[in-house]
Amino acid sequence: MQVLIVNSGKANFVVGEKNVEPENLSRDDLLMILNTIYESEEDVTIPSIEELEEIRNPIEKEIVQQIIQKISDFSNNVENIRQEVQAQFPVIDD
C-alpha cells in the first residue's frame, strides 16, 4: 500500500481513490489513511529519504517528512495496537 506519491518535485498523499496535496490534507484524510493501514493486511510502502528529498518546496517537504514519520511509526506498531484493542475489547459471542 502506497501512502505518498512523489512526482516531478511534488508530493501527494494517497487517500482512498484520490491524491491529496500535503497543504490540502485534512484531519479526516489522515484518519482515513491510518484507518486503511490498521484494517489492511498489506505492507505499507514508506517513501525513502531520497524520494522525499525530491520535493522542491522546503515547507511542503518538512510537512511531508513529519507526517510520513508519524505514519511510519503507526505502521510499525499496528500489530501491537491491534493486540491491545483485542485484549481491551474482546469479541463477545451472543
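Details of the structure are given in the entry above.
Residues numbered from 1 in each chain as written. Predicted model: local features only at pLDDT ≥ 70, side-chain atom pairs only at ≥ 80, totals over all residues. Heavy atoms only, no water.

A tally of helices and strands in the chain yields three helices and three strands. Counted from the first residue to the last, the chain has its helices and strands arranged as β-β-β-α-α-α. The C-alpha extent of the chain, read off along each of the three principal axes, is 55 × 20 × 20 Å. Here the chain, with 94 residues, has 31% of them falling under the buried criterion. In the chain, 58% of the contacts between residues at least 6 apart in sequence involve partners at least 24 apart. If you sum the accessible surface of the chain, you get close to 6800 Å²; carbon and sulfur atoms cover 48% of it. The distance from the centre of the 7 positive side-chain charges to the centre of the 20 negative ones in the chain is 9 Å. (Helix = DSSP H or I, 4+ residues; strand = E, 2+ residues; numbered from the N terminus. Buried < 20%, exposed > 50% of the residue type's maximum accessible area, 1.4 Å probe, protein only. Contact = heavy atoms within 4.5 Å. Areas by Shrake-Rupley, 256 points an atom, 1.4 Å probe, with all protein chains shown as cover. Lys, Arg positive; Asp, Glu negative; His and termini not counted. Charge placed at Lys NZ, Arg CZ, Asp CG, Glu CD.)

Looking now at the sheet that holds strand β1 (residues 4–7). Pairing is antiparallel in the open sheet, where three strands are placed in the order β1-β2-β3. The outermost strands of the open sheet, each flanked by one partner alone, are β1 and β3 (18–20). Between one strand axis and the next, the sheet turns through 35° on average, direction left out of account. Bridge analysis of strand β2 (residues 10–15) against β3 gives three bridges, and the strand direction is antiparallel. Opposite F13, over in β3, you have V20 as the bridge partner. (Pairing = 2+ DSSP bridges. Axes fitted to C-alpha atoms, helices over the stretch in contact; angles between N-to-C directions.)

The phi dihedral of S8 is positive, around 55°, even though this residue is not glycine. Mapping S8 onto the fold places it in the loop between β1 and β2. Look at S8 and you get exposed, because its relative accessible area is 54%.

This part is about the nonpolar core. By size, the foremost hydrophobic cluster in this structure holds 18 residues, and its most contacted members are V3, L4, F13, I33 and V64. Among the elements that line this core, the one with the most residues is helix α3 (residues 58–88), at four residues. Excluding anything up to four places from it in sequence, V64 contacts L4, A11, F13, P22, L52 and I55. (Core = buried A, V, L, I, M, F, W, Y, C linked by side-chain atoms within 4.5 Å.)

Now for the packing of aromatic side chains. Per the stated rule, a full pass over the model turns up zero aromatic pairs. Here the basic side chain of R82 rests over the ring of Y38, its NZ or CZ set 5.5 Å away from the ring centre. (Phe/Tyr/Trp six-rings, centres within 6.5 Å; stacked < 30°, edge-to-face > 60°. Lys NZ or Arg CZ within 6 Å of the ring centre and 35° of its normal.)

For the rest of this paragraph, the subject is the pairing of β1. The two faces of β1 differ: L4 and V6 on one face are buried, but I5 and N7 on the other face are not. Connecting the antiparallel pair β1 and β2 is a turn made up of two residues, with S8 showing a positive phi of about 55°.

All quantities given are derived from atomic positions and should not be read as evidence of function.
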